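# Descriptive structure summary
These are the residues of each chain, in order.
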Amino acid sequence: MKRTMTLNLTDAEMAVLEAMCDEKGLSKTALVRQALRLYKSVDERMARGEKVFIENAGKTEKTELMVL
């Protein structure tokens, strides 16, 4: 079952959403769904005590992802 919700964004937030949609070729709904799946995955890992890192492919640099 699908449900509808209203999401109020600032002009700046909407600009970011629209730019990302254009870059990814996704609708706003698809992008928000993808973001929710990513956030859920990260949140579950962190809840298990795991750390999430972003690694620069060309270097050996790693940065820990901090989620508030």
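Residues numbered from 1 in each chain as written. Predicted model: local features only at pLDDT ≥ 70, side-chain atom pairs only at ≥ 80, totals over all residues. Heavy atoms only, no water.

The protein is annotated in an unreviewed UniProt entry as Transcriptional regulator from Paragemmobacter aquarius.

Per the counting criterion, the structure on display carries five salt bridges. In this structure, Glu-18 and Lys-28 form a salt bridge, with 3.4 Å as the shortest nitrogen-oxygen distance. Pair noted here: Glu-18 is in helix H1 (residues 11-24) and Lys-28 is in helix H2 (residues 28-47), with a separation of 10 residues, a long-range link. Classification of Glu-18 as partly exposed rests on a relative accessible area of 36%. By relative accessible area, which is 39% here, Lys-28 ends up partly exposed. Put simply, Lys-40 and Glu-44 hold a salt bridge, and the shortest N to O gap is 2.4 Å. A residue pair is termed a helical-turn pair when its members lie 3 or 4 positions apart in one helix, as Lys-40 and Glu-44 do in helix H2 at four residues. Exposure remark for Glu-44: the relative accessible area of 35% places this residue in the partly exposed category. Three or more residues joined by partner-sharing salt bridges are found here, namely Arg-45, Arg-48 and Glu-50. (Salt bridge = Lys/Arg side-chain N within 4 Å of Asp/Glu carboxyl O. Helix = DSSP H or I, 4+ residues; strand = E, 2+ residues; numbered from the N terminus. Buried < 20%, exposed > 50% of the residue type's maximum accessible area, 1.4 Å probe, protein only.)

To continue, consider the layout of surface pockets. Taken as a whole, the largest pocket encloses approximately 350 Å³ of empty space. The wall of the largest pocket is formed by 13 residues, among which Met-5, Leu-7, Lys-28, Thr-29 and Val-32 lie closest to the centre. When residues in the lining of the largest pocket are grouped by element, the largest group, five residues, is from H2. Split by residue class, the lining of the largest pocket holds seven nonpolar, two polar and four charged. There is about 170 Å³ of room inside the second largest pocket. Around the second largest pocket sit Leu-17, Met-20, Leu-31, Val-32, Gln-34, Ala-35 and Leu-38, which together line it. Listed by contribution, the elements that provide at least two residues to the lining of the second largest pocket are H1 and H2. The residue makeup of the lining of the second largest pocket, split by class, is six nonpolar, one polar and no charged. (1 Å grid on protein atoms, 1.4 Å probe; cavity = no way out; pocket = protein on both sides within 12 Å on 5 of 7 lines; lining within 4 Å. Points joined across faces, edges and corners; volume = space filled by probe spheres on them. Nonpolar A, V, L, I, M, F, W, Y, C, P; charged D, E, K, R; others polar.)

With that settled, the discussion passes to the UniProt feature "domain: Ribbon-helix-helix protein CopG" (unreviewed entry) in the protein. Feature annotation in UniProt places "domain: Ribbon-helix-helix protein CopG" (unreviewed entry) on residues 6-40, given in this structure's numbering. Along residues 6-40 one finds 77% helix and 0% strand; the C-alpha atoms at either end are 21 Å apart. (UniProt positions renumbered as here; feature names shortened; annotations may be inferred.)

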